[in-house]
Every structure is written in structure tokens, then in C-alpha cells.
Amino acid sequence: QGHGSGQAIVAGLDWVLQNHQAYRISVLNLSIGDSENKVLAETSEFRDRVRALRNLKIAVVIAAGNSYAENNSQQGMSSFAIVPESISVGAVYSSDSGPQAYGESAANSTGPDRITPFSQRLHSSLAPDTRTDVFAPGALVVSAGISDDHASATAQGTSMAAPVVAGVVLLLQQAYACAHPGELPSVDLLEGWLRQGSMPITDGDDEDDTVEHSQLAYGRVDALRALQISGLPPCSGYAPAELTREPRTLPQPLTPTTFSGKIKFDE
């Protein structure tokens, strides 16, 4: 139904920690957020799990949040993306899609690489440890729908941008595995390649909307530039090993953990 609880998210991360080797999980996408607008991260069970995954070289990519206007155009991100051990992702328009309205904000016109008025953002000059790592196309994107297993939906949100970056992370991991068989790059390396390889965009240079802008430079993800920055050699003939398809016995349900508050999935 498009919403859930923090307790369910923590349980999901626990499942990945227990089963990542069996299913060869190397990157997670969390298209979730809340209405908070934080600059600093707090200690939490959620953050503990994300840190544990990062230590295993499993990247956790999280949507920055869609409440920029609701927070009076102040820098910050949701309670999930603010976790510094994650890779946080803001949203830009992928193309000229005409005027767009979002309740408390609106874009009078749109265009490629313009930051969407709803996207939360946090610059490194204000918070170098919890900054928004990168932006990606997240407006008017055709993606999965929630009505059934085969549904699709055209949606806008940082939830649309985060899986773009998760896909780039997977490509970088594949390139690294070609040069270093059986190994994953650290998330520190991945984060550095994404940031250094990103194309510069300025918050307010060409945006035509109803929110305030900082005139600060961010980065929009660029897969090819990130690969070039990595210095990984060209890879030919790489084919990942086939995943085994035998039926697996799922683990027993996890004991619920304590995690207060509700979260919402982006729409």
C-alpha cells in the first residue's frame, strides 16, 4: 500500500546480513524516506545494520527524500539517507517534461539535469560526512508499480533516482570483479568513483521552480566517467557465474527488533 514501518526495514536488513552469501547480494536499494530533514546522523539500529553491510563491502543506496519544499528549502535529508554509511541520492529531471506541480512546490519548466524542487539535498560544505553523494534522473521515470507483481508506474521522486545509482554501483562492481576475480571493491572506493566521476550541476543555475536555491555545485551520476576514474582496466569476455537456481529453504522469521516511528515509501 506504499507505506511501512522502520521495524520492517531493520528486519529486512537483518535478512540480508544473514543471507547475502547464499544469494550473492552486493548492493541494496532503499527507495524509502520520511518527512524529516536532518543534517547529522544519529545512532540507531538501522544505522548499525547499514554500517555492518558496508563493512561487508555491500553498498546500501538510499533515496535522499522528497520534502525540500516542506522544510522551507533548508538543506538536509531524510532519517534514512542521512546515515553516512549509505550512498545517498537526490533527483534531477531526465528531460524536458513540461511544468510539474507537487503540492507545496512546482516547476514552471523542466529540463535535463535540473534539480527537482522536491528533492532534498545536503552539500558537503555544510556536512561533509552526511552529504548527498550524487544525483540521478528521478522525475517522470517508468518503473515498477505496487498493484501487483507485473505493474508499472510513471513516477517522480528520489525513489526513482536511487535505483539508477544502484545499477551504476553494480556495473562498477562487475568491472572490479573482472580485474579482481572473486572480490568486491570497498564501498569507500565505490563512493569515491561515483562522486569524482559525476558531472557538475549547480543548484539554481537553470532551475525554474518555486523553491529557494543555494547556488552550490553537486554531482549527477555518470557511469562511464566513474569507470574511468576507477582506473580499472578494460574488461573483455567477462561473464558472471550463473546463479544456482535450485529451490532454497528460506530462513525462519526473524525476531522483531525495537524501532520506533513510521516511514513512508516515496510516490
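Residues numbered from 1 in each chain as written. Predicted model: local features only at pLDDT ≥ 70, side-chain atom pairs only at ≥ 80, totals over all residues. Heavy atoms only, no water.

Asks: Any chance you could break down the overall build of the protein for me, citing the residues and the numbers?
Replies: The secondary structure content of the protein amounts to five helices and 14 strands. Residues counted as buried form 48% of the 267 residues belonging to the protein. When contacts within the protein are restricted to residue pairs at least 6 apart in sequence, those whose partners lie at least 24 apart make up 74%. Accessible surface, the protein: about 13200 Å² in total, of which carbon and sulfur atoms supply 51%. (Helix = DSSP H or I, 4+ residues; strand = E, 2+ residues; numbered from the N terminus. Buried < 20%, exposed > 50% of the residue type's maximum accessible area, 1.4 Å probe, protein only. Contact = heavy atoms within 4.5 Å. Areas by Shrake-Rupley, 256 points an atom, 1.4 Å probe, with all protein chains shown as cover.)

Asks: How would you explain the side chain of Ser119 if you had to name every residue and give the values?
Replies: Its place among the elements puts Ser119 in the loop between strand E7 (106-109) and strand E8 (134-139). Within polar-contact distance, the side chain of Ser119 engages the backbone nitrogen of Ala91 at 3.0 Å. Every residue in contact with Ser119, bar those within four places of it in the chain, is listed here: Gly65, Tyr68, Gly90, Ala91, Phe135 and Thr158. (Polar contact = N/O pair within 3.5 Å; in protein donor to acceptor, adjacent residues only side chain to side chain.)

Asks: Kindly report on unusual backbone geometry, identifying the contributing residues and their values.
Replies: At Ser73, a position not held by glycine, the phi torsion is positive, near 60 degrees. Its identity as a non-glycine residue notwithstanding, Leu140 has a phi of 55 degrees, on the positive side.

Asks: Pulling in residues and values, what's your account of the state of the cysteines?
Replies: On inspection of all chains with the given rule, the structure shows one disulfide. Residue Cys178 pairs covalently with Cys235 via a disulfide, S to S 1.7 Å. Residues Cys178 and Cys235 are joined by a disulfide whose S-S torsion is about 90 degrees; by sign, that bridge is right-handed. Taken together, the residues Cys178 in helix H3 (residues 158-179) and Cys235 in the loop between helix H5 (223-230) and strand E14 (262-265) connect sequence positions 57 residues apart. The exposure class of Cys235 is partly exposed, given its relative accessible area of 35%. (Disulfide = S-S within 2.5 Å.)

Asks: If you had to explain the packing of aromatic side chains to someone new, which residues and values would you point to?
Replies: Scanning all chains against the criterion turns up five aromatic pairs. Considering the side-chain rings of Phe46 and Phe80, the 4.9 Å spacing of their centres and the 90 degrees angle between planes classify their relative orientation as edge-to-face. Placement of the pair is Phe46 in helix H2 (residues 45-55) and Phe80 in the loop between strand E4 (59-63) and strand E5 (87-93), with a sequence separation of 34 residues. Here Phe46 and Phe80 have matching classes, each one buried. Over the ring of Tyr68 we find Arg121; its NZ or CZ atom is 3.6 Å from the centre of that ring. (Phe/Tyr/Trp six-rings, centres within 6.5 Å; stacked < 30°, edge-to-face > 60°. Lys NZ or Arg CZ within 6 Å of the ring centre and 35° of its normal.)

Asks: Lay out the sheet that holds strand E12 (residues 208-209) in plain terms, naming residues and giving numbers.
Replies: Spatial ordering of the open sheet is given by E6-E7-E12, a layout of three strands whose pairing is antiparallel. One side of each edge strand has no neighbouring strand; the edge strands of this open sheet are strand E6 (100-101) and E12. The pairing of E6 with E7 spans two bridges and is antiparallel. Note that in E7 the partner of Ala101 across the bridge is Ala106. (Pairing = 2+ DSSP bridges.)

Asks: For the packing of helix H1 (residues 6-23) against H2, give the residues involved together with the corresponding values.
Replies: Relative to each other, H1 and H2 sit at 25 degrees, their axes nearing to 10 Å. When the axes of H1 and H2 are compared, the pair comes out roughly parallel. Considering the relative orientation of H1 and H2, their crossing is left-handed. Here Ile9, Val10, Leu13, Asp14, Val16 and Leu17 of H1 lie close against H2, whose contacting residues are Glu45, Phe46, Arg49, Val50, Ala52 and Leu53. (Axes fitted to C-alpha atoms, helices over the stretch in contact; angles between N-to-C directions. Parallel < 35°, antiparallel > 145°, perpendicular 65-115°, else oblique. Left-handed = near helix turned anticlockwise from the far one by under 90°.)

Asks: Account for the side chain of Ser78, with residues named and values stated.
Replies: Positionally, Ser78 belongs in the loop between E4 and E5. On the accessibility criterion, Ser78 (0% relative accessible area) is buried. Among the polar contacts made by the side chain of Ser78, one reaches the main-chain amide nitrogen of Ala81 at a distance of 3.4 Å.

Asks: How would you summarise helix H4 (residues 187-196) if you had to cite specific residues and measurements?
Replies: Along H4, the positions that sit buried rather than exposed are Val187, Leu190, Glu191, Gly192, Trp193 and Leu194. In this structure, the buried residues of H4 make contact with H2, E4, E5, E8, H3 and H5.

Function cannot be read off these values alone, since they describe shape.
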